[in-house]
Amino acid sequence: MTLWAISDLHLGHPRNRDALDVFVDQADGRFVDDGLILAGDIAESPGRLGDALDRLGACFRTLLWTPGNHDLWIQAGQPDAPRGVAKYQQMVEVCRARGVRTPEDPWLRWPRSGRADDPVGDDDPVIALLFLLYDYSFRPAHVTRDGVVAWSLEEGILCTDEHLLKPDPYPTRDAWCHARCDDAERRLAALDGAPTVLVNHWPLREDVLKLRRVPRFSPWCGTVRTIDWHRRFRAEVAVYGHQHVRGVDRRDTTRFEEVSFGYPRDWDPARGLIGYLRPILPSPRR
């Protein structure tokens, strides 16, 4: 009974959809007792998300989803489609209709033993699904909030979120981020000492970013509010994606797992999607 994770399937790309087809064929009962964390950027449209969940739900016992920025984008050519919080709620309902856990649902505990017949106890970690967004605070000290987009544009970098990720009814993405952080802090504090696995599409700390090709993309990558959450909320693992640079880092006693699949240029067809699943629990030996 393994808990796996992957993010950034980006199923808008035909090659990525082909990779999902191959994965479903390869799975062939291998993961029927396992769980899979989908850490955001799965699909922009509700229909495509639902199709992916149907197919993956046939492979895994448990699916857990949290959104990325692409999952929240408005749909081209659909001016009346949901946006902002309404788009997020639409995607949540797609998940709930299939029994997939979301950040809006009660968090579950995962038996660290990896045995499905073991009852969960106080020492088993809570899988905390978070949706925190970003507030442009991953930036150099000399760059102001008002000047941060212009600073990124000096290097020709502008996140598509500026056009397609709307914060309605919040006035800004910053405000939506802070509201989400406030709610998550309350829920995490109420766990009263339980160990956790923190799952968020965006990294919790700026110092785990590896944006070698696009260093000025950092403003769209998280918030400094979460820099110590791995310590405050007893995280054994922090799972995230977004940057399409896979890797493992350690901060204090916490394992930081970047679990992106990515655009077609980011993954090796010889490995396929199955080669990019990351085991989260039980903790792998490395």
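Just so it is clear, the structure is predicted and the values come from calculations on it, not from any experiment.

Novice: Which residues make up the packing of helix 1 (residues 14-27) against helix 2 (residues 46-57), and what values go with them?
Specialist: With their axes 10 Å apart at the nearest point, helix 1 and helix 2 run at an angle of 20° to one another. Relative to helix 2, the element helix 1 is oriented roughly parallel. Crossing hand, helix 1 versus helix 2: left-handed. Residues Arg17, Leu20, Asp21, Phe23 and Val24 of helix 1 form the contact with helix 2, whose participating residues are Arg48, Ala52, Arg55 and Leu56. Here the residues of the contact of helix 1 with helix 2 are counted per class, giving five nonpolar, no polar and four charged.

Novice: So what's going on with the sheet that holds strand 1 (residues 3-6)? Which residues, and what values?
Specialist: The strands making up a sheet are joined through hydrogen bonds of the backbone, oriented either antiparallel or parallel. With mixed pairing, the four strands of this open sheet are ordered in space as 3-2-1-10. Each having just a single partner strand, strand 3 (62-65) and strand 10 (278-281) make up the two edges of the open sheet. Neighbouring strand axes in the sheet, compared pairwise and without regard to direction, differ in orientation by 30° on average. Pairing geometry for strand 1 and strand 2 (residues 35-38), over four bridges, is parallel. Within the sheet, the bridge partner assigned to Ala5 lies in strand 2 and is Ile37.

Novice: Explain the pattern of salt bridges to me, using residue names and the numbers behind them.
Specialist: Tallied over the full model, the rule gives 25 salt bridges. Note that Arg61 and Asp33 form a salt bridge whose closest N and O atoms lie 3.2 Å from each other. With Arg61 in the loop between helix 2 and strand 3 and Asp33 in the loop between helix 1 and strand 2, the pair connects residues that are 28 residues apart, well separated along the chain. The exposure class assigned to Asp33 is partly exposed, which follows from its relative accessible area of 39%. Because the salt bridges share partners, they merge into one network encompassing Asp182, Glu185, Arg225 and Arg232.

Novice: Summarise the nonpolar core; cite the residues concerned and give the values.
Specialist: Of all hydrophobic cores here, the largest spans 88 residues; its most connected members are Phe23, Phe60, Trp65 and Ile127. Excluding its chain neighbours within four sequence positions, the residues that come into contact with Ile127 are Leu3, Ile37, Leu64, Trp107, Leu108, Trp110, Val197, Val199 and Leu281.

Novice: Explain helix 2 to me, using residue names and the numbers behind them.
Specialist: Spanning 12 residues, helix 2 covers 16 Å between terminal C-alpha atoms, matching the ideal 16 Å at 1.5 Å per step. Looking only at helix 2, the buried set comprises Leu49, Gly50, Ala52, Leu53 and Leu56. When helix 2 is viewed along its axis, its buried side chains cluster within an angular range of 165° and face the same direction. Those residues of helix 2 that are buried are in contact with helix 1, strand 2, strand 3 and helix 3 (85-96).

Novice: I'd like a description of the pairing of strand 9 (residues 254-258), backed by residues and values.
Specialist: Burial runs high along strand 9: five of the five residues are buried. Burial of strand 9 is two-sided: the residues Thr254, Phe256 and Glu258 facing one way and the residues Arg255 and Glu257 facing the other way are all buried. Relative to strand 9, strand 7 (residues 235-240) runs parallel, the two sharing four bridges. Each bridged residue has a counterpart across the sheet, and for Ala238 the counterpart in strand 9 is Phe256.

Novice: So what's going on with the packing of aromatic side chains? Which residues, and what values?
Specialist: Using the criterion set out here, one finds 16 aromatic pairs in the structure. Ring plane angle 20° and centroid distance 6.4 Å describe the contact between Trp65 and Tyr88, whose orientation is recorded as stacked. Taken as a pair, Trp65 in strand 3 and Tyr88 in helix 3 lie far apart in primary sequence, 23 residues in all. Both residues of the pair, Trp65 and Tyr88, count as buried.

Novice: Can you break down the side chain of Thr66 residue by residue, with the values?
Specialist: As for its position among the elements, Thr66 is in the loop between strand 3 and helix 3. For Thr66, a relative accessible area of 0% corresponds to the buried category. Engagement of the side chain of Thr66 in a polar contact is seen with the backbone oxygen of Leu130, the distance being 2.5 Å. In contact with Thr66, other than residues within four places in its own chain, are Leu38, Ala39, Gly40, Asp71, Pro103, Leu130, Phe131, Val199, Asn200 and His201.

Novice: Explain the packing of helix 2 against helix 3 residue by residue, including any values.
Specialist: At a closest axis distance of 9 Å, the pairing of helix 2 and helix 3 adopts a crossing angle of 25°. Taken together, the axes of helix 2 and helix 3 are roughly parallel relative to one another. At the point where helix 2 passes helix 3, the crossing takes the right-handed sense. Touching Pro46, Leu49, Gly50 and Leu53 of helix 2 are Lys87, Gln90, Met91, Val94 and Cys95, all from helix 3. Here the residues of the contact of helix 2 with helix 3 are counted per class, giving six nonpolar, two polar and one charged.

Reading guide: rules and limits
Residues numbered from 1 in each chain as written. Predicted model: local features only at pLDDT ≥ 70, side-chain atom pairs only at ≥ 80, totals over all residues. Heavy atoms only, no water. Axes fitted to C-alpha atoms, helices over the stretch in contact; angles between N-to-C directions. Helix = DSSP H or I, 4+ residues; strand = E, 2+ residues; numbered from the N terminus. Parallel < 35°, antiparallel > 145°, perpendicular 65-115°, else oblique. Left-handed = near helix turned anticlockwise from the far one by under 90°. Contact = heavy atoms within 4.5 Å. Nonpolar A, V, L, I, M, F, W, Y, C, P; charged D, E, K, R; others polar. Pairing = 2+ DSSP bridges. Salt bridge = Lys/Arg side-chain N within 4 Å of Asp/Glu carboxyl O. Buried < 20%, exposed > 50% of the residue type's maximum accessible area, 1.4 Å probe, protein only. Core = buried A, V, L, I, M, F, W, Y, C linked by side-chain atoms within 4.5 Å. Expected span 1.5 Å × (residues − 1). Arc of directions from axis to C-beta. Phe/Tyr/Trp six-rings, centres within 6.5 Å; stacked < 30°, edge-to-face > 60°. Polar contact = N/O pair within 3.5 Å; in protein donor to acceptor, adjacent residues only side chain to side chain.

Nothing here speaks to function; it is geometry throughout.
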